[in-house]
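Letter by letter, the chains look like this.
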Amino acid sequence: MGLSDSASESLSIRHKLLLLDWPLVALIGAVACIGFAMLYSVGEGHFYPWADKQMLRFAIGLTIMIGVALTDLRVWLRIAYPAYFVALTLVAAVEFIGTFGMGAQRWIDLGPIQLQPSEVMKIALGLALARYFHALKPDEVSRPLLLLPPALLILAPSALVMQQPDLGTAALLILGGSALFFVAGVNWRYFAVLLALGLAAIPLGWGMLHDYQRDRILTFMDPARDPLGAGYHILQSKIALGSGGIFGKGFLAGTQSHLNFLPEKQTDFIFTTLGEEFGLVGSLTVLALYFLILGYALFTALQIRSQFGRLLAMSICITFFLYVFINTAMVMGLIPVVGIPLPFMSYGGTAMMTLMVGFGLLMSASIHRDVTVPRYPDPFG
């Protein structure tokens, strides 16, 4: 039974901790522990150089996630636009002060940490879009002029990220933002028009791609065209996955990863390492855990009373789904190779913290599901 508004607004920290979605926390922790084990494996049976750092990051991220969850939902409403513009500034700053890595300029060196602003933007964009659509009345959601501001909120960071270049993250921002339009109730006819325009713009888009991005797409269609170059990653990934069979080769016994045939085994291709060592059974087990996380998160989102909280929670669900789908489809050769990590398993600091903050926001919306959030504030107030 829901709490009254006054009761919801005066919840103590202890009461909020009791309302925290502990089953969701447990599921996230289970996936993270599998990730630690795989990083231990690709580290040749050592916690250094990846597993130990990832465990520390997760512990910090878990603390941050709970702190975010305990914060009143209306605080996130108030800072939604400032958070977006800070993130956009950081994404733009990469062009001037960013550091290079893996052929792209995507990070800002902050001394002890390397910040990837495009990861932060995934959460900030969800916050901003949720606030914008929360401010609209139902009959305003599909008005063309009122759809221009949220479209610009998506296109601005996407264009900047494309310049880094990071096609995978730009695609995730566009797909995630567009999906939230649909969830907010925008008329489906707009999506049909955009799809038609997108198909018509494919020739123009092809000409704007970098050479290595064209190679990735051509290699996706025919990996054998360049087996030692652009096709190497996906061919080795398929070999590793296939060699795992039903039950895998065993923990620490993956030859493709341990003999360094498999590239980026600790980041983008960690799911391949899992498949090689634990086979189809291990891969399906992890996918089942992801499905449980997504299902639990979706169920939670649908219980939230405020439009802002519901849209914010749905944006996290959408982003999480895209992370999992794009990464796993990529390593299986179903889509071109792009730099999207596997949630809570791939080695990386910014992606880990981004997801932890994201799920913290989802749990904040859940804990404060009965708090009255101003329905129609000034969209840019």
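Residues numbered from 1 in each chain as written. Predicted model: local features only at pLDDT ≥ 70, side-chain atom pairs only at ≥ 80, totals over all residues. Heavy atoms only, no water.

When helices and strands are tallied, the chain shows 17 helices and three strands. Put simply, the chain has 381 residues, and 49% of those count as buried. Contacts spanning at least 24 positions in sequence make up 75% of the contacts within the chain whose residues lie at least 6 apart. With the model as given, the accessible surface of the chain reaches about 17100 Å², and the carbon-plus-sulfur share is 72%. (Helix = DSSP H or I, 4+ residues; strand = E, 2+ residues; numbered from the N terminus. Buried < 20%, exposed > 50% of the residue type's maximum accessible area, 1.4 Å probe, protein only. Contact = heavy atoms within 4.5 Å. Areas by Shrake-Rupley, 256 points an atom, 1.4 Å probe, with all protein chains shown as cover.)

Per the counting criterion, the structure on display carries two cavities of 30 Å³ or more. Here the largest cavity defines a volume of roughly 80 Å³. Residue lining of the largest cavity: Lys-122, Leu-125, Gly-126, Leu-129, Leu-172, Leu-173, Gly-176, Gly-177, Leu-180, Ser-315, Ile-318 and Thr-319, and that is the complete set. Mapped by element, the contributors of at least two residues to the lining of the largest cavity are helix 7 (117-135), helix 9 (167-184) and helix 16 (307-331). Of the residues forming the lining of the largest cavity, the biggest block, five residues, is contributed by helix 9. Residue classes in the lining of the largest cavity are distributed as six nonpolar, five polar and one charged. Within this model, the second largest cavity holds a volume of roughly 40 Å³. Lining the second largest cavity are Pro-341, Leu-342, Pro-343, Phe-344, Met-345, Ser-346, Gly-348, Ala-351, Met-352 and Leu-355. (1 Å grid on protein atoms, 1.4 Å probe; cavity = no way out; pocket = protein on both sides within 12 Å on 5 of 7 lines; lining within 4 Å. Points joined across faces, edges and corners; volume = space filled by probe spheres on them. Nonpolar A, V, L, I, M, F, W, Y, C, P; charged D, E, K, R; others polar.)

Moving on, we come to the nonpolar core. Ranked by size, the top nonpolar core spans 97 residues in total, and within it Ile-28, Met-121, Phe-133, Phe-308, Phe-320, Phe-344 and Phe-359 carry the most contacts. In this view, Phe-344 contacts Ile-28, Val-31, Ala-32, Gly-35, Phe-320, Met-352, Leu-355, Met-356 and Phe-359; residues no more than four positions away in its chain are not counted. (Core = buried A, V, L, I, M, F, W, Y, C linked by side-chain atoms within 4.5 Å.)

Let's shift gears to the environment of Leu-175. On the secondary structure map, Leu-175 appears in helix 9. Sequence-wise, Leu-175 and Ile-154 are 21 residues apart; in three dimensions their C-alpha atoms are separated by 9.5 Å.

The end-to-end C-alpha distance of helix 10 (residues 188-200) is 19 Å, a good match for the 18 Å that 13 residues give at a rise of 1.5 Å each. With respect to burial, helix 10 is a largely exposed element, only zero of its 13 residues being buried. The backbone nitrogen of Arg-189 lies 2.9 Å from a side-chain oxygen of the residue at the head of helix 10, namely Asn-187. (Expected span 1.5 Å × (residues − 1). Polar contact = N/O pair within 3.5 Å; in protein donor to acceptor, adjacent residues only side chain to side chain.)

Relative to the assigned elements, Tyr-290 resides in helix 15 (residues 270-302). With a relative accessible area of 3%, Tyr-290 lands in the buried category. In this structure, the C-alpha to C-alpha distance between Tyr-290 and Pro-343, residues 53 residues apart in sequence, is 8.9 Å. Sequence-distant contacts of Tyr-290, that is, excluding residues within four places in its chain, are made with Val-31, Phe-320, Val-324, Leu-342, Pro-343 and Met-345.

In this section: the side chain of Gln-266. The topology assignment puts Gln-266 in the loop between helix 14 (255-258) and helix 15. Relative accessible area serves as the criterion here: at 15%, Gln-266 is assigned to the buried category. For Gln-266, the contacting residues outside a window of four places in its chain are Leu-39, Val-42, Trp-50, Ser-346 and Tyr-347.

Our next topic: the packing of helix 3 (residues 22-42) against helix 4 (residues 51-70). For the pair helix 3 and helix 4, interaxial distance at closest approach is 9 Å and the crossing angle is 165°. It follows that helix 3 is roughly antiparallel to helix 4 by the angle criterion. Classified by chirality, the crossing of helix 4 by helix 3 is right-handed. Between helix 3, through Trp-22, Val-25, Ile-28, Gly-29, Ala-32, Phe-36, Leu-39 and Tyr-40, and helix 4, the contact on the second element is made entirely by Ala-51, Gln-54, Met-55, Phe-58, Leu-62, Met-65 and Ile-66. Classifying every residue of the contact of helix 3 with helix 4 by side-chain character gives 13 nonpolar, two polar and no charged. (Axes fitted to C-alpha atoms, helices over the stretch in contact; angles between N-to-C directions. Parallel < 35°, antiparallel > 145°, perpendicular 65-115°, else oblique. Left-handed = near helix turned anticlockwise from the far one by under 90°.)

Our next topic: unusual backbone geometry. Backbone torsion omega between Tyr-48 and Pro-49 reads 15°, so that peptide bond is classified as cis. Residue placement: Pro-49 occurs in the loop between helix 3 and helix 4. Not every positive phi belongs to a glycine, and Leu-252 is a case in point at roughly 70°. In this structure, Leu-252 sits in the loop between helix 13 (232-244) and helix 14. In this structure Leu-252 comes out as partly exposed when scored by relative accessible area, which is 38%. Here Glu-264, not a glycine, exhibits a phi torsion of approximately 50°, which is positive. Its place among the elements puts Glu-264 in the loop between helix 14 and helix 15. Classification of Glu-264 as partly exposed rests on a relative accessible area of 29%.

Okay, the packing of helix 7 against helix 9 next. Close contact between helix 7 and helix 9 brings their axes to 10 Å; oriented N to C, the two are set at 20°. Classed by the angle they form, the pair helix 7 and helix 9 counts as roughly parallel. Crossing geometry of helix 7 relative to helix 9 is assigned as right-handed. Contacts between helix 7 and helix 9 involve Ser-118, Met-121, Lys-122, Leu-125, Gly-126, Leu-129, Ala-130 and Phe-133 on the former and, on the latter, Thr-169, Leu-172, Leu-173, Gly-177, Leu-180, Phe-181 and Ala-184. In the contact of helix 7 with helix 9, the residues fall into 10 nonpolar, four polar and one charged.

With that out of the way, let us pick up the confidence of the model for the chain. Atomic detail in the predicted coordinates should be set aside for any region of low pLDDT. Of the residues in the chain, 90% have a pLDDT of 70 or more, and the chain-wide mean is 87. Scored below 50 in pLDDT, residues 1-8 shows nine contacts in the model against residues more than four places distant or in partner chains. (pLDDT = per-residue confidence, 0-100.)

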